[in-house]
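Report on the structure
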Amino acid sequence: MSLFRKKSLEKINADVAEMQSQQSLKRVLTVKDLTFMGIAAVVGAGIFSTIGKASFDGGPGVVFLFIITAVTCGFSALCYAEFAGRVPISGSAYTYAYVSFGEIIAWVIGWALILEYAIGNIVVAISWSGYFDNLLHGLGIHLPEWLLIDPFTASKTYSSALAAQAAGTPLTESMKTAMLVYQDAPIFMGKHIIFNLPAFIIVALITMLAYIGIKESKKSANLMVIFKIAVIVFVIVLGFFYVDTNNWNPFLPNGFGGVLAGVSAVFYAYIGFDAVSTTAEECKNPQRDLPKGMIYSLIICTVLYILIALVLTGMVNYTELNVTDPLAFVFERLGLTKTGYLISISAVVATTSVLLVFQLGQPRIWMSMSRDGLLPKRFSKVHPKYHTPSFATIITGLLVGIPTLIMPADLVTDLTSIGTLFAFVLVCLGVLVLPRLTKDQTKGKFSLPYINGKFIIPIIVAAFIWFTKVRLHTALSSISSESYHEILFLIFIIAAIVIAILSFLKNYSVIPIVGALCCMYLMIEIPAESWIWFFVWMSIGLSIYFLYGRKKSKLVG
């Protein structure tokens, strides 16, 4: 049972007191800063890119998916807030799982969060590079193409271009670009030198800012948030003057299945609000301010996303939105090129702010894992001058920066979404354990309202099964054909029934249970192929834990 040894709240409080008496992180963040940080993390690449593909799949009805995702994240945010009010220490879901479920589950969550922040930031940095290049084009500056693309994508597209030439087929724009890349790229030892330089540079600059201090990072994030919200509000107001309500008919052109096809894209737009909880030790009053910051930022972002989705699908037909820059596209499509350029500027600022928040969050999780002995001590080192986890910040910069040079630009977001949802599920379920662990403790500033789920949860699960009975029948029929996606749906149904029974027997609270069920459902909508890679990632993490962390843990003995 040493795998499930738990860290007590008494131990956490003692650690906090000890750290405060030594060189510790600076407590400078207020509710406003935390709210802005949450907005900085959420309003990023999603609202400027992935929202286009989701709108293409679901039509105007994609707003329902934003509402569903927001409710799911809302339940999770309330559970995060409960933990943040009682466990005011860096580490986010990792630390919360350590208190609720034990060490092995905490490690799994910490490893999943590395997937969320590191892989997510690689995607964002590559996206930033594309936006930045568009801005330079507007200024008449053209960087060499071999500095703007990864070698794998360039090689694949170049091969396609050669095949098209041989067949006498006209070349696409991407093929023409690939031909230029190979024509202009320098050659070293017989190999073409091709890499994404802007993506690496922005990661390096953001890492430097995160290294210098939380106060400087806070000011930068706040300024970027003010600018991008101003642009988004301007876009929404201007866009509504060009809305053609005929484009909203039909509202669900591909049915609700089309809406759900955008789960990964839409949820990816929301991830990051949990990064706010990693700054607990830098808040002036974490027990009061963290819950407010997370919830306020989530509400603001949801309203902005819904309005943007309505504007996009109203300005042009949803079938035209399968593009990487939908906001700029729709305004340029209507001849509003200056507005499109302003959106491109805002996209650069927005993705920069996301990079900053994630680069702040990752080192603080590693710092917490290192304090517990699960990672080497250097990861918990706090810089004597800047009061930041200096070594962990540098390693995070390298982990994100180096892959951005060569990683394919079409990296999917599914893995990041699985890691995030997995963390959300365990945080929601952890709240059910937390009250029992803290029955003799003074409650934090925020506490989830208890709503007895004895009858409510079974009714919700029964209603869900009734409304999805057609899909359930299809899933049961497809077991023999090894349809992994439908098998995941059956696993969810079984888990939901088990949870409903336990809720009836143990009177579980409604909010955390509904939050966990919503997250689990979104997880099964992610393609099964991504689950395979998720399990590969988890296997690597567990190997590190059993070879190092389990033996070095401070709870040993």
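Structure: above.
Quick caveat, the model's predicted, so the values are computed rather than measured. (Residues numbered from 1 in each chain as written. Predicted model: local features only at pLDDT ≥ 70, side-chain atom pairs only at ≥ 80, totals over all residues. Heavy atoms only, no water.)

Applying the stated criterion across every chain yields a total of 1 salt bridge. Between Arg-5 and Glu-103 there is a salt bridge, with its nearest N and O atoms 2.8 Å apart. Note that Arg-5 is positioned in the segment before α1 (9-21) and Glu-103 in helix α6 (residues 103-138), a separation of 98 residues in sequence. On the basis of relative accessibility, which here comes to 16%, the residue Arg-5 falls in the buried class. (Salt bridge = Lys/Arg side-chain N within 4 Å of Asp/Glu carboxyl O. Helix = DSSP H or I, 4+ residues; strand = E, 2+ residues; numbered from the N terminus. Buried < 20%, exposed > 50% of the residue type's maximum accessible area, 1.4 Å probe, protein only.)

Our focus in this paragraph is the nonpolar core. The biggest cluster of nonpolar side chains holds 161 residues, and the ones touching the most others in it are Phe-66, Tyr-80, Tyr-94, Ile-109, Tyr-270, Ile-308 and Phe-331. Ranked by residues supplied to this core, first place goes to α6 with 20 residues. Look past the residues within four positions of Ile-109 in its chain and what remains in contact with it is Ala-93, Tyr-94, Ala-97, Phe-422, Ala-423 and Leu-426. Core analysis: the next-biggest nonpolar cluster, separate from the first, contains 8 residues, Ile-149, Ala-154, Val-181 and Tyr-182 among them. (Core = buried A, V, L, I, M, F, W, Y, C linked by side-chain atoms within 4.5 Å. Contact = heavy atoms within 4.5 Å.)

On to the packing of helix α10 (residues 214-240) against helix α15 (residues 337-371). Where α10 contacts α15, the two axes come as close as 9 Å, and the packing angle between them is 145°. Crossing handedness for the pair α10 and α15: left-handed. In this structure, α10 uses Ile-214, Ser-217, Ser-220, Ala-221, Met-224, Phe-227, Lys-228, Val-231, Phe-234, Val-235 and Leu-238 to contact α15, whose residues at the interface are Thr-339, Leu-342, Ile-343, Ile-345, Ser-346, Val-349, Ala-350, Thr-352, Ser-353, Leu-356, Leu-360 and Arg-364. Residue classes in the contact of α10 with α15 are distributed as 15 nonpolar, 6 polar and 2 charged. (Axes fitted to C-alpha atoms, helices over the stretch in contact; angles between N-to-C directions. Left-handed = near helix turned anticlockwise from the far one by under 90°. Nonpolar A, V, L, I, M, F, W, Y, C, P; charged D, E, K, R; others polar.)

Right, let's talk about helix α21 (residues 510-524) for a bit. Its 15 residues place the ends of α21 21 Å apart at the C-alpha level, agreeing with the 21 Å of an ideal helix rising 1.5 Å per residue. Counting buried residues in α21 gives 14 out of 15 residues, a clear majority hidden from the surface. (Expected span 1.5 Å × (residues − 1).)

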